[in-house]
Amino acid sequence: MIEAIEGVVISEIAYGETSKIINVFAKDYGIVGIICKGAKSMKSRLRAVTTRFTYGTFNIYYKKDKLSTLITVDTINNLSNIKQDILLMGYINYLTELATQVYKQNKVDEIYVLYIKTILKLESGLDPRVITNILELKLLDYLGVNLELNKCIKCGNKDNIITIDPLQGGYICAKCHKDEEVLDPKVIKMIRMYYYVEIDSISKIEIKFDVSHKINSFLNNYYDNYTGLYLNSKKFLDGLRK
Ligand SMILES: [Zn+2]
């Protein structure tokens, strides 16, 4: 059956002398393995459109749970700004590994949708760290370790919120506060904003560096301690950022 699937090439491996097998993270289909016959040959029209991070519509002979076969590809976005920038490549590597790992644990199409919105914002030149943190926060829902960002995690009080405690997983009010680290109110407010913002509605990011830095540190710690994910691409990105 011929199907047109929208997705991004997340990996490619050689197959025989002239062909390759790609994995595409695809809308509605999840991760699809596709044989691309002759795609390693210099003359092949499939050569350029089957490389990693091609975002397009893949016309394939689809076989569920088996390798599909590629017919043609219509590119949707070349992601050329990302591909020209080593730091942005570090980000897309990480975002891709993160999104696909979360998808493997929890096969929900919304994860693909969030991933695409995020990489398009990365391509458009928005602050990559902020965009990445926004996706990280949104993916917590699918990792089963989301934060309570509407009321005190201990008493349910919505007023006098003074911090977020990663250990307890959410807001803490003044009445319940014991020895948890008290975060800057701007950090508390922005974490909530990151979680609720529609990614495709963001056109510019105005956030003070110290606030976004603090949020990044908070999320790094939270991911390390509570998600159980250990991603090589994250270590690589952290190295690039230094
Ligand atoms: Zn409370």
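Located above this text is the structure these notes cover.
What counts and how
Residues numbered from 1 in each chain as written. Predicted model: local features only at pLDDT ≥ 70, side-chain atom pairs only at ≥ 80, totals over all residues. Heavy atoms only, no water. Donors = N, O, S within 2.8 Å, 3.2 Å for Na, K, Ca; no water. Tetrahedral: all angles 85-135°; square planar, octahedral: opposite > 155°, others 65-115°. Helix = DSSP H or I, 4+ residues; strand = E, 2+ residues; numbered from the N terminus. Buried < 20%, exposed > 50% of the residue type's maximum accessible area, 1.4 Å probe, protein only. Core = buried A, V, L, I, M, F, W, Y, C linked by side-chain atoms within 4.5 Å. Contact = heavy atoms within 4.5 Å. Pairing = 2+ DSSP bridges.

## Overview of the coordination of the zinc ion
- Protein-derived ligands of the zinc ion are Cys152 (SG), Cys155 (SG), Cys173 (SG) and Cys176 (SG), with the metal-ligand distances lying across 2.3 Å.
- With four donor atoms in place around the zinc ion and angles of 105 to 115° between them, the coordination shape is tetrahedral.
- In the primary sequence, the donor residues of the zinc ion line up as C-x2-C-x17-C-x2-C. Here Cys173 lies in strand β7 (residues 170-173) and Cys155 lies in the loop between α4 (128-143) and β6 (161-165), a separation of 18 residues in the sequence.
- Overall, Cys173 belongs to the buried group, its relative accessible area being 0%.

## Some details on the nonpolar core
- Tyr115, Leu139 and Ile164 are the most contacted members of the largest nonpolar core, which totals 57 residues.
- Mapped by element, the contributors of at least two residues to this core are β1 (2-15), α2 (86-105), α3 (109-123), α4, α5 (185-196) and α6 (209-226).
- Residue contacts for Tyr115: discarding those within four places in its chain leaves Val8, Phe25, Phe53, Leu95, Thr96, Ala99 and Leu135.

## Quick word on the pairing of β1
- Both β1 and strand β4 (residues 55-61) contribute to a ladder of seven bridges, which runs antiparallel. From the neighbouring strand, Glu6 faces β4, where its bridge partner is Thr57.
- Two elements, β1 and strand β2 (residues 19-26), share eight bridges in a ladder whose sense is antiparallel. From the neighbouring strand, Tyr15 faces β2, where its bridge partner is Ser19.
- Hairpin connection between β1 and β2: a loop of three residues separates the two successive antiparallel strands, and Gly16 in this loop has a positive phi of roughly 70°.

Remember that the coordinates give geometry; whether it matters functionally is a separate question.
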